[in-house]
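# Descriptive structure summary
Listed here are the chains, written in short residue letters.
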Amino acid sequence: MGRVNAECDSCMCEDHVLHGMVSLADGAPAAEATVYMQSETLKLLTESDSNGGFRIPGVCPDGKNILKIKKARYATVTVPIPESTKKSSIIHVRLKRADKPYIVKNPVDKVRRIGQSVILCCKAVGNPAPAQYLWYHNGTLLDSSVYKYNSKLVLRNLNIDQAGEYFCKASNDAGSVKSQAAKLSVIASDEASCNPRPESYFIRLPHDCFQNATNSFYYDVGKCPANTCTGKMDQGLQCKDRAIYCCGVSKMEIREISCSGYTLPTKVAVECGCSMCTEIKMTVRGRATAADNGEPIRFGHIYLGNNRISMTGYKGTFSVHIPADTERLVLTFVDRLQKFVNTTKVLPFNKKGGAVFHEIKLLRKKAPVTLESSETNTIPLGDMEGDDPIAELEIPPNTFYRQNGELYTGKVKASVTFLDPRNISTATAAQSDLNYINEEGDMLPLHTYGMFSMDFTDETATESLNAGKVRVHLDSAQVRIPEHLQQMKLWSLNPETGLWEEEGDLKPDQSTRRKREERIFLVGNMEIRERRLFNLDVPESRRCYVKVRAYRSERFLPSEQLEGAVISLINMEPASGYSSNPRAWGRFDSAVTGPNGACLPAFCDEQRPDAYSAYILASLGGEELEAVPSSPRLSPNAVGVPQPYLNKLNYRRTDHMDPRIKKTAFSITVARPSPGTAGESNGPIYANENLRECEQAHYSAAHFRFYRVERDRYDYNTVPFNENDPMSWTEDYQAWWPNPMEYRACYMKVKINGPQEVNIRSRNMGGTHPYTVGKLYGIRDVRTIRDMEQPNLSTACLEFKCSGMLYDQDRVDRTLVRIIPQGQCYRESVNSMLQEYLVNHLPLAVNNESGEYTMLAPLDPLGHNYGIYTVTDQNPSIAKEIALGRCFDGTSDGTSRVMKSNVGIALTFNCVEREVVQQSLFQSLQNSPRQRERTRIRRQQRDICNRQAKMRRVTQHRSSPRVQCTPTD
């Protein structure tokens, strides 16, 4: 058909004309799209006009000629010219936004022996689909001609030199992205993949169990780190091993610990081995509320990508199960009533399993204003009192389009909501995690100058409208860092990836706007179509990392570190005296503490130590943790940072100047460590290139600290278990938590009539299971909380081990629970409904001691009418927090941080006031365990021993030998 052109690379048909129409995804015309003929080299033919149309004479409609249509920020479309015998033909092309690649499957850590083979896999999505994958070993590109890889890398006959970190880099026309690095460990064929010797792990003993040998209340029970090990190999190569093996406890021994008047059994890890990893679940829970007044987002939709996966409840609470292999959790919260801005969050979670609690803050939408579509309209961005707007939107005439691409005429309802960084209270409502992917495929941070969400509808607010060219005018006077003026860009949020993508540059334009003084504005253009959230941001390269740990108490012991605590850092603009705005924040980051704390990114400056500052706060299960005080005396040992570096960092808790302010955050100047300066090379601030050093820092290295403010409360498990690390669970009949996939917490509410606060203990033993009957599961101690309005009344919520299946899921055990208040107490009453339940569900425990209460714990999750509170969750800490909140509140579905003393009671004791000289053992040990008069302690030991001997005769066989109670020194 036709004749060959002069270049001899395509045919020409002079009597044929091709007419084309190029439109965007929403049907709007795609102007300035370039049209190429595909040949050995692309040949530019024409460009689409303002209506998206183009005309090409002389091309042959033979079905063989191929056109390529390109437009900036849109994926290239390849289309053949259809066969036709007519003198003209028509094609329609619809462009879709180009998306950089996004990693959906990262390579995973693996352990292999010398001579074995391994496969590492990586998968990315994008528009167009990634056309190239590259693999790197320890940062060095692997030769594709040697390794013959694509998205999968196969390594055969492994040797030691091939151990290390591997990652892939996926690329398409829009850009590149790098995967997370996977660690490949290669060990000798006869080498043990787990260290058989357990590490030290200290547990705290009960208050009446001081150990003279170690001069402490602590005992080393050992632990085996849950590192990946070899195990049994799969047949064939798999991207992810069918069975994952971890180091764990392979042998335990029971030890008897001598306490005051009794012995305490504990199981100690004596040998580690390789076995299948404990199966875990990963969950995020939280509460979605308004950023301005805490109004709950009721029955809102939660999306993972384009899929709706959950909803918020009446109080804004939510729970989301995290799919396996998730590296980056991106959730979008949508208010069905559209009172709030759709909010996309990147939520950190605990990859070792369990639940993490997040507070989600949503911005309330601005009330809509009415615009005339045929006129130029301006909308200010930023409404800080006494200050100018940060920027303005300029919407030209005839800019609005319907969803089918038709031009809209008439009045427009416009709601533009701006998140102003000059208002620090808005920091928690920031969208996503303010990251982008650069040209090399690395994820890097942004520094924001404001985010804005736009909603345009017709006059009746029934149809959503798009907008073509919209101009943004950024007031350069609001940008106080000179180099940021040259780097400022306009970005839009990809809600599926949670990453910001570049829309265009902002260029200086000197003008006079709205009769104000002449000033320079940075001007940029954007189109408002499928994306409605935009950002005025600058890529920021001056980065450091801040090391933070969270603890159970002010003792700050390594064994009492909290995992699953959410640490948040608000990056502030450079300090006063530096060329920036001291009132504004620039970035908000969060991280979840693991077994070695958390490292949070923060802006820092090498030239000026006081350039950038940050506020840091922490929470666990929605409860704020307390920071170490900075006044009246600053203690480097308590803060965790030595002098003089601590003074250089200018550590200040929020109540430093005003004791009425909450104590739950602190501020620092993020002073980048000076190379070669003693005292600054070991934390808590690490240079950007030393992230690995920060993550692996030893406990003794400098770090900042948060701790949990608790009343007297103590937990002891015969089989040690770290509730913040589900991987530390051990298969054992005496395990307090029998199922690592589901944790059930049980509490009962105990009331004390008496003038003193009292320590109450629950002693939990096997009751009906043949393997555990008479054996100790654990002990719980708690101190009652005095009622502020009734001086002779105090109450406590006391945990006990729930009845149910043991770890083998073979048969249930009714836990034998003894409730023992310390002091001269007698049982006054038992909840009538609880007593009736126990009578109707035999066997019934014997209660011969008036100063105690013994029961076989109920199998059913009763409720507040019985004084029993039961909650099941994938995370033991969350289960306990929820159950404790209900117990404090005295309801089955509410929660409270304040004890309500007269509702939902299970047991009531009357405790008479004791003379001062007759202190309980708990009190004397708490005050000074080594300095009390020996005669008084011996007398109390004898009393305790006699009472326990009586209880043994009640709960054990009558033939048990009589215990001789002889006080010891």
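Positions within a chain are numbered from 1, following the residues in the order the chain's sequence is written. The predicted origin of the model limits local features to residues at a pLDDT of at least 70 and limits the giving and counting of side-chain atom pairs to 80 or more, whereas totals for whole chains, interfaces and linings rest on all residues. In computing side-chain properties, one takes all heavy atoms of the structure into account and sets aside hydrogens as well as water.

As annotated in an unreviewed UniProt entry, the protein carries the name Ig-like domain-containing protein and is attributed to Gopherus agassizii. Taken from UniProt, the Subcellular location (unreviewed entry) comment for the protein reads in full: "Secreted, Extracellular space, Extracellular matrix". UniProt positions are given in the numbering used here, feature names are shortened, and annotations may be inferred rather than shown by experiment.

A word on the overall build of the protein. Secondary structure elements follow DSSP: runs of H or I no shorter than four residues count as helices, runs of E no shorter than two count as strands, and numbering proceeds from the N terminus. Looking only at helices and strands, the protein features nine helices and 66 strands. Our radius of gyration is a C-alpha quantity, and the globule rule it is checked against amounts to 2.2 Å times the number of residues to the power 0.38. Radius of gyration (C-alpha) of the protein: 34 Å, near the 30 Å computed for a compact globule of 969 residues. Here the C-alpha coordinates of the protein stretch approximately 115 × 70 × 65 Å along the principal axes. Per-residue accessibility, obtained with a 1.4 Å probe over protein chains only, is compared with the maximum for each type, and a residue is labelled buried under 20%, exposed over 50%, and partly exposed between these values. A buried classification covers 54% of the 969 residues belonging to the protein. We call two residues contacting when some pair of their heavy atoms lies within 4.5 Å. Looking at the protein alone, contacts between residues at least 24 apart form 69% of all its contacts between residues at least 6 apart. Accessible areas in this description were obtained via Shrake-Rupley with a 1.4 Å probe; residue shielding takes into account the shown protein chains only. With an accessible surface of roughly 43,900 Å², the protein has 48% of that area assigned to carbon and sulfur atoms. The charge count treats Lys and Arg as positive and Asp and Glu as negative. His and the chain ends do not count. A charge is said to be at NZ when it belongs to Lys, at CZ for Arg, at CG for Asp and at CD for Glu. Between the averaged position of the 121 positive side-chain charges in the protein and that of its 113 negative side-chain charges there is a distance of 5 Å.

Note that a disulfide, as used here, is simply two cysteine sulfur atoms within 2.5 Å. According to the stated counting rule, one finds 13 disulfides in the structure shown. Linked covalently through their sulfurs, Cys544 and Cys604 form a disulfide whose S-S length is 2.1 Å. Residues Cys544 and Cys604 are joined through a disulfide that is right-handed, its torsion about the S-S bond being 80°. Pair noted here: Cys544 is in strand E43 (residues 543-551) and Cys604 is in the loop between strand E46 (598-603) and strand E47 (613-620), with a separation of 60 residues, a long-range link. Taking the relative accessible area as the measure of exposure, Cys604 reaches 1% and is therefore buried.

For helix H7 (residues 876-889), spanning 14 residues, the distance from its first C-alpha to its last is 20 Å, which sits close to the expected 20 Å at 1.5 Å a residue. When you tally the buried positions in H7, you get twelve out of 14 residues, the bulk of the element. Within the sequence span of H7, burial applies to Pro876, Ser877, Ile878, Ala879, Lys880, Glu881, Ala883, Leu884, Gly885, Cys887, Phe888 and Asp889. Downstream of H7 by one or two residues, Gly890 has phi in the positive range, about 75°. Helix span is expected to be 1.5 Å times the residue number reduced by one.

Only strands joined by at least two bridges in the DSSP assignment are considered to pair. The strand order across the open sheet built from five strands is E54-E57-E56-E62-E64, with neighbouring strands paired in antiparallel fashion. Only two strands of the sheet have a single partner each, and these edge strands are strand E54 (713-717) and strand E64 (853-856). Neighbour to neighbour, the strand axes of the sheet diverge by 15° on average, direction disregarded. Relative to strand E57 (residues 776-783), strand E56 (residues 759-765) runs antiparallel, the two being bridged by seven bridges. Counterpart to Arg763 in the pairing with E57 is Ile779. Geometry is summarised by axes, namely lines fitted to C-alpha atoms with helices restricted to the contacting stretch, and by angles between N-to-C directions that run from 0 to 180 degrees.

An α-helical turn contains 3.6 residues, so any two residues separated by three or four positions project in the same direction. Along helix H6 (residues 832-840), the residues classified as buried are Leu834, Tyr837 and Leu838. Buried residues of H6, seen end-on, are gathered within an arc of 95° and therefore sit on one face of the element. Facing away from the buried surface of H6 by more than 90 degrees, the exposed residues are Ser832 and Asn840. Of the surrounding elements, those touching the buried residues of H6 are strand E63 (825-830), E64 and strand E65 (868-873). With a side-chain oxygen positioned 2.9 Å from the backbone nitrogen of Met833, the residue opening H6 is Asn831. Regarding the arc, it is the one traced by the directions from the helix axis to the C-beta atoms. Any N or O atom pair separated by 3.5 Å or less is treated as a polar contact, with the protein-specific requirement of one donor-capable and one acceptor-capable atom, and with residues adjacent in sequence counted only for side-chain atom pairs.

With that out of the way, let us pick up the pattern of salt bridges. Salt bridges are defined as contacts in which a side-chain nitrogen from Lys or Arg sits within 4 Å of a carboxyl oxygen from Asp or Glu. In this structure the tally under the stated criterion is 44 salt bridges. The residue Glu502 makes a salt bridge to Lys489 at a minimum N-O spacing of 3.4 Å. One end of the pair, Glu502, is in strand E39 (residues 499-505); the other, Lys489, is in strand E38 (residues 489-494), with 13 residues separating them in the sequence. Owing to a relative accessible area of 37%, Glu502 belongs among the partly exposed residues under this scheme. A relative accessible area of 19% means that Lys489 is categorised as buried. Among the charged side chains, a network of salt bridges with common partners joins Asp292, Glu295, Lys339 and Arg364.

So, on to the nonpolar core. By size, the foremost hydrophobic cluster in this structure holds 37 residues, and its most contacted members are Val546, Ile616, Tyr651, Ile668, Ile685, Phe704 and Phe706. Elements supplying a minimum of two residues to this core: E43, strand E44 (566-572), E46, E47, helix H4 (645-649), strand E51 (665-669) and strand E53 (704-707). Considering every element that reaches this core, the biggest residue donor is E43, with five residues. When sequence neighbours within four positions are dropped, the list of residues in contact with Val546 reads Leu569, Ala598, Cys599, Leu600, Ala602, Ile616, Ile668, Pro684, Ile685 and Phe704. The criterion is simple. A nonpolar core is a set of buried Ala, Val, Leu, Ile, Met, Phe, Trp, Tyr and Cys residues joined through side-chain atoms within 4.5 Å. The next biggest cluster of nonpolar side chains, apart from the first, holds 36 residues, and it includes Ala391, Leu465, Leu506 and Tyr612.

A word on the sheet that holds strand E27 (residues 330-334). Strand order across the open sheet formed by four strands is E25-E24-E27-E28, with antiparallel pairing between neighbours. With partners counted over all chains shown, the strands left at the sheet margins are strand E25 (307-311) and strand E28 (343-346), one partner each. Ignoring which end each strand starts from, the neighbouring axes of this sheet average 30° apart. In this sheet, E25 lies alongside strand E24 (residues 301-304) in antiparallel orientation, the contact comprising four bridges. In the sheet register, Leu304 faces E25, and the bridge partner there is Asn307.

Further remarks concern unusual backbone geometry. Excluding glycine, a negative phi dihedral is what most residues carry, and trans is how most peptide bonds are arranged. Here the amide bond leading from Gln643 into Pro644 is cis, since omega sits at 5°, within 30 degrees of zero. Within the secondary structure, Pro644 is located in the loop between helix H3 (636-639) and H4. Residue Gly683 is joined to Pro684 through a cis peptide bond whose omega torsion reads 5°. Structurally, Pro684 can be placed in the loop between E51 and strand E52 (685-687). Even without a glycine there, the phi angle at Lys148 is positive, about 55°.

Moving on: a nonpolar patch on the surface. Within this analysis, patches are made of residues with over 30% relative accessible area and no salt bridge. Like charges are joined at 9 Å or less; nonpolar side chains (Val, Leu, Ile, Met, Phe, Trp, Tyr) at 5 Å or less. Together, Phe299, Met311 and Tyr314 line one region of the surface with nonpolar side chains, adding up to about 290 Å² of accessible area. Classification of Met311 as partly exposed rests on a relative accessible area of 34%.

For the rest of this paragraph, the subject is the pairing of strand E7 (residues 74-80). Examined bridge by bridge, strand E6 (residues 66-71) and E7 share five bridges and lie antiparallel to one another. In the strand pairing of E7, Lys71 is matched with Tyr74.

Moving on: the side chain of Thr417. In this fold, Thr417 is placed in strand E34 (residues 411-419). Residue class for Thr417 comes out buried when judged on its relative accessible area of 5%. A polar side-chain atom of Thr417 sits 3.0 Å from the main-chain amide nitrogen of Lys366. Contacts of Thr417, omitting those with residues within four sequence positions, involve Val341, Leu363, Arg364, Lys365, Lys366, Met451, Phe452 and Ser453.

Okay, the packing of aromatic side chains next. Here a pair means two rings of Phe, Tyr or Trp (six-membered ring of Trp) with centres within 6.5 Å. Their orientation is stacked below 30 degrees between planes, edge-to-face above 60, and tilted elsewhere. In this structure the tally under the stated criterion is 20 aromatic pairs. For the pair Phe210 and Phe217, a centre-to-centre distance of 5.0 Å together with 75° between the ring planes defines the contact as edge-to-face. The residues Phe210 and Phe217 share a single accessibility class, namely buried. Aromatic pair Phe299 and Tyr314: ring centres 6.3 Å apart, planes at 50°, arrangement tilted. Highlighted residues: Phe299 in the loop between strand E23 (282-290) and E24 and Tyr314 in the loop between E25 and strand E26 (317-321), separated in sequence by 15 residues.

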